[in-house]
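What follows is the residue order along each chain.
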Amino acid sequence: MAPAAKTDSKNDFSKGSIIKNILGLAVPMTLAQLINVLYNIVDRIYIGRIPKDATMALTGLGLCLPIISMVIAFANLFGMGGAPLCSIERGRGNEEEAEAIMGNSFVMMVFSGLALTVLGLLFKRPMLYLFGASDTTIPYADSYITIYLLGSIFVMIGLGMNSFINSQGFGKIGMLTVLLGAVTNIVLDPFFIFVLGLGVSGAAWATILSQGISALWIVRFLTGDKAILKLRKKAFRLKRQRIMAIIGLGLSGFTMSITNSLVQIMYNASLARFGGDMYVGIMTVINSVREVISLPISGLTNSSQPVMGYNYGAGEYGRVKKAIVFMSLVSIGYTTLMWGLVHGFPEFFIRIFNHEGELVAAGIPAMQIYYFGFFMMSLQFAGQSVFVALGKSKNAVFFSIFRKVIIVIPLIAILPRLFCLGVRGIFMAEPISNFVGGLACFGTMLWTVWPELGKDKSSY
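Residue positions are counted from 1 within each chain, in the order its sequence is given. Owing to the predicted nature of the model, reporting of local features is limited to residues with pLDDT of at least 70; listing and counting of side-chain atom pairs is limited to 80 or more, with chain, interface and lining totals taken over all residues. The basis for every side-chain value is the complete set of non-hydrogen atoms in the structure, without hydrogens or water.

Engineer: A description of the nonpolar core should follow, citing residues and the corresponding values.
Structural biologist: Membership of the largest hydrophobic core comes to 126 residues, with the highest contact counts inside it found for M161 and F427. The way it works is that DSSP assigns letters per residue, a run of H or I at least four long becomes a helix, a run of E at least two long becomes a strand, and they are numbered from the N terminus. Looking at this core element by element, the count peaks at 16 residues for helix α3 (residues 54–91). The contact criterion used throughout is that any non-hydrogen atoms of two residues lie within 4.5 Å. Setting aside its immediate chain neighbours within four residues, M161 contacts M102, F106, M109, M156, I218, L222 and L231. In plain words, nonpolar cores are sets of buried Ala, Val, Leu, Ile, Met, Phe, Trp, Tyr and Cys residues tied together by side-chain atoms within 4.5 Å. Exposure is judged per residue with a 1.4 Å probe applied to protein chains only, and the accessible area is read against the type maximum: over 50% gives exposed, under 20% gives buried, and values in between give partly exposed.

Encoded structure:
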């Protein structure tokens, strides 16, 4: 019993500084997310430096992002859906059912990966044209996505099954899984792209090979002696009720990835129509910059969730309030600072991914419009994190859909046609959605959650 008590004390977020509790989780979580983002970002940095047709190659990769988001969505569906259920059953002492959940999730990932490969290869060209491809950019997009889809099963296992390593308490092993793939990708990218002269195809080969190595590492660990719960053949027998439970819990992550894909499709298609191929390349750069500068705020808000949830469950409502205030103020401060940097030095951020003068010149005003009032996005992050932490995940999903589907997508369709705004109107959709969506999400959180925290059981 002594070791258990020691573990409980160590993870007791109701004691000590609430700020230290949050930061203690934020640093490793942000580092893990940074490593994960390297998979996508490194490809774009190298492709943007291809000697010939760098902009068209980068645009081709940008056109593939919605399809990549769809693959990730299915990995989230079974990974983020199965891992929590696995943890619950393990906590109940029912390891046989926990392994069955993991085994069923694995089988569904393999089936989904194969299905996505077949369907993707069959419909890739119509989809790419629908997403905004032109006769100029289609060769680059087609060559990248063809190879990527051939390795989608590796992506499914590499992303989805890593959740089951983390859920067993092997956080360092889970981080090493991501690190192994990211480092492999960084090394293979320049070799395939420049040394072998494969260009965009080389970036795709580097990505799926690195994901394949991660997938093999995961399977080997989960079938080895160190794993608490193991992948066993007897656990592969599918059970309808079990699958439905996994899907039900994974719908939140799935929905967010799918809505991201829809927004990317709308942006690319509209920019191709009103601005041409170059503006799709600019959007790829903007998305890449956003992925990087959003990492610290994402790490902070995500790491605040277990701390807020623990204290909420313990009735320490004053500490929950402190956590919300700290997270919100730091989020607003950081995003305000980044807004100033991106607005003041947009060329620096663009040149990380592309050096061509025409793209840089057109990208500067586009970035300044897109990131206007970026600090309002922090309200969306903070509000959704509180909802998730306190078990109100439906609210978090609603406001994600509200901002992306109800606000962003209609604005992308309407604004370029108003007052001859064109591409400026398309980029304006993001800041408008940040102001409206951020205020709605954070305001609703304060309106509904803050009064609930009024009955303070702590010393605050």
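Now that the structure has been shown, the text picks up again.
Engineer: Residue-level account of the side chain of T177, with values.
Structural biologist: Mapping T177 onto the fold places it in helix α8 (residues 171–195). When its relative accessible area of 1% is taken as the criterion, T177 is described as buried. A distance of 2.9 Å separates a polar atom in the side chain of T177 from a polar atom in the side chain of W217. Each residue touching T177, except ones within four places of it in the same chain, is listed here: N162, I165, S214, W217 and I218. A 3.5 Å cut-off defines polar contacts: any pair of N or O atoms within that distance qualifies, except that in protein one atom must be a possible hydrogen donor and the other a possible acceptor, and neighbouring residues in sequence count only when both atoms are side-chain atoms.

Engineer: Explain the packing of aromatic side chains to me, and be specific about the residues and the numbers.
Structural biologist: Note on ring pairs: Phe, Tyr and Trp rings are taken, using the six-membered ring of Trp, and paired if centres are within 6.5 Å. Classes follow the plane angle, with under 30 degrees stacked, over 60 edge-to-face and the rest tilted. Applying the stated criterion across every chain, the model contains 19 aromatic pairs. With centroids separated by 5.9 Å and ring planes inclined at 20°, the aromatic side chains of F398 and F402 adopt a geometry described as stacked. Of the two residues, F398 and F402 are both situated in helix α17 (residues 393–414); the distance of 4 residues between them amounts to about one turn of the helix. Aromatic rings pair up to connect Y267, Y370, Y371 and F374 into one cluster.

Engineer: I'd like a rundown of the environment of G454, residues and numbers included.
Structural biologist: Assignment of secondary structure puts G454 in the segment after α18 (423–448). According to the relative accessible area criterion, G454 is partly exposed, its value standing at 47%. The sequence separation of G454 and K321 amounts to 133 residues, and the corresponding C-alpha distance is 9.3 Å.

Engineer: Tell me about the pattern of salt bridges, and please be specific about residues and values.
Structural biologist: The working definition used for a salt bridge is a side-chain nitrogen of Lys or Arg within 4 Å of a carboxyl oxygen of Asp or Glu. Evaluation of the coordinates by the stated rule reveals 8 salt bridges. For R242, the salt bridge goes to E97, with nearest N and O atoms at 2.9 Å. On the criterion of sequence distance, the pair formed by R242 in helix α10 (residues 240–274) and E97 in helix α4 (residues 95–130) is long-range, its members being 145 residues apart. Owing to a relative accessible area of 13%, R242 belongs among the buried residues under this scheme.

Engineer: How would you summarise the packing of α4 against α10 if you had to cite specific residues and measurements?
Structural biologist: Helix packing for two helices is described by the angle between their axes and how far apart those axes are. Viewed as axis vectors pointing N to C, α4 and α10 meet at an angle of 25°, and their least axial separation amounts to 12 Å. By the angle class used here, α4 and α10 are roughly parallel. Seen along the crossing, α4 lies across α10 with a hand that is right-handed. Listed contacts from α10 to E97, A100, I101, N104, S105, M108 and L130 of α4 are R242, I243, I246 and A269. Following the grouping adopted for this structure description, the nonpolar residues are Ala, Val, Leu, Ile, Met, Phe, Trp, Tyr, Cys and Pro, the charged ones are Asp, Glu, Lys and Arg, and the polar ones are all others, Gly among them. When grouped by side-chain class, the residues that make up the contact of α4 with α10 number 7 nonpolar, 2 polar and 2 charged. The axes used here are C-alpha line fits, helices contributing only the stretch in contact, and every angle between their N-to-C directions lies in the interval 0 to 180 degrees. Should an angle fall under 35 degrees it is called roughly parallel, over 145 degrees roughly antiparallel, and 65 to 115 degrees roughly perpendicular, with every other angle called oblique. Whether a crossing is left-handed or right-handed is set by the direction in which the near helix is turned from the far one by less than a right angle, anticlockwise for left-handed and clockwise for right-handed.

Engineer: Pulling in residues and values, what's your account of the packing of helix α11 (residues 277–293) against α18?
Structural biologist: For the pair α11 and α18, interaxial distance at closest approach is 12 Å and the crossing angle is 20°. Classed by the angle they form, the pair α11 and α18 counts as roughly parallel. Viewed along their axes, α11 and α18 form a crossing whose handedness is right-handed. Between α11, through Y279, I282, M283, I286 and R290, and α18, the contact on the second element is made entirely by V423, F427 and E430. Within the contact of α11 with α18, the residues separate by chemical class into 6 nonpolar, no polar and 2 charged.

Engineer: Describe in detail the environment of L390, supporting the description with residues and values.
Structural biologist: By the element assignment, L390 lies in the loop between α16 (375–389) and α17. Judged by relative accessible area, which is 8%, L390 ranks as buried. As a C-alpha pair, L390 and P139 span 251 residues in sequence and 47 Å in three-dimensional space. Discounting chain neighbours no more than four positions away, the residues touching L390 are M308, Y312, V320 and V449.

Engineer: Summarise helix α6 (residues 152–160); cite the residues concerned and give the values.
Structural biologist: Where burial is concerned, most of α6 is hidden: 7 out of the 9 residues are buried. Of the positions making up α6, those classed as buried are S152, I153, V155, M156, I157, G158 and G160. If you follow the buried residues of α6, they end up packed against α3, α4, α5 (138–150), α7 (162–166) and α9 (200–222).

Engineer: Which residues make up a nonpolar patch on the surface, and what values do they have?
Structural biologist: Within the patch definition used here, like charges are joined within 9 Å and nonpolar side chains (Val, Leu, Ile, Met, Phe, Trp, Tyr) within 5 Å, considering only residues with over 30% relative accessible area and no salt bridge. The Shrake-Rupley method, run with a 1.4 Å probe sphere, supplies the accessible areas, and residue values consider only the shown protein chains as cover. On the surface, a nonpolar cluster with roughly 540 Å² of combined accessible area is contributed by L176, L179, L180, V183, V187, I213 and W217. Elements represented by at least two residues in the nonpolar patch include exactly α8 and α9. Counting residues per element, the nonpolar patch draws most heavily on α8, which supplies 5 residues. Positionally, W217 belongs in helix α9.

In short, the description is geometric, and any link to function would need to be established separately.
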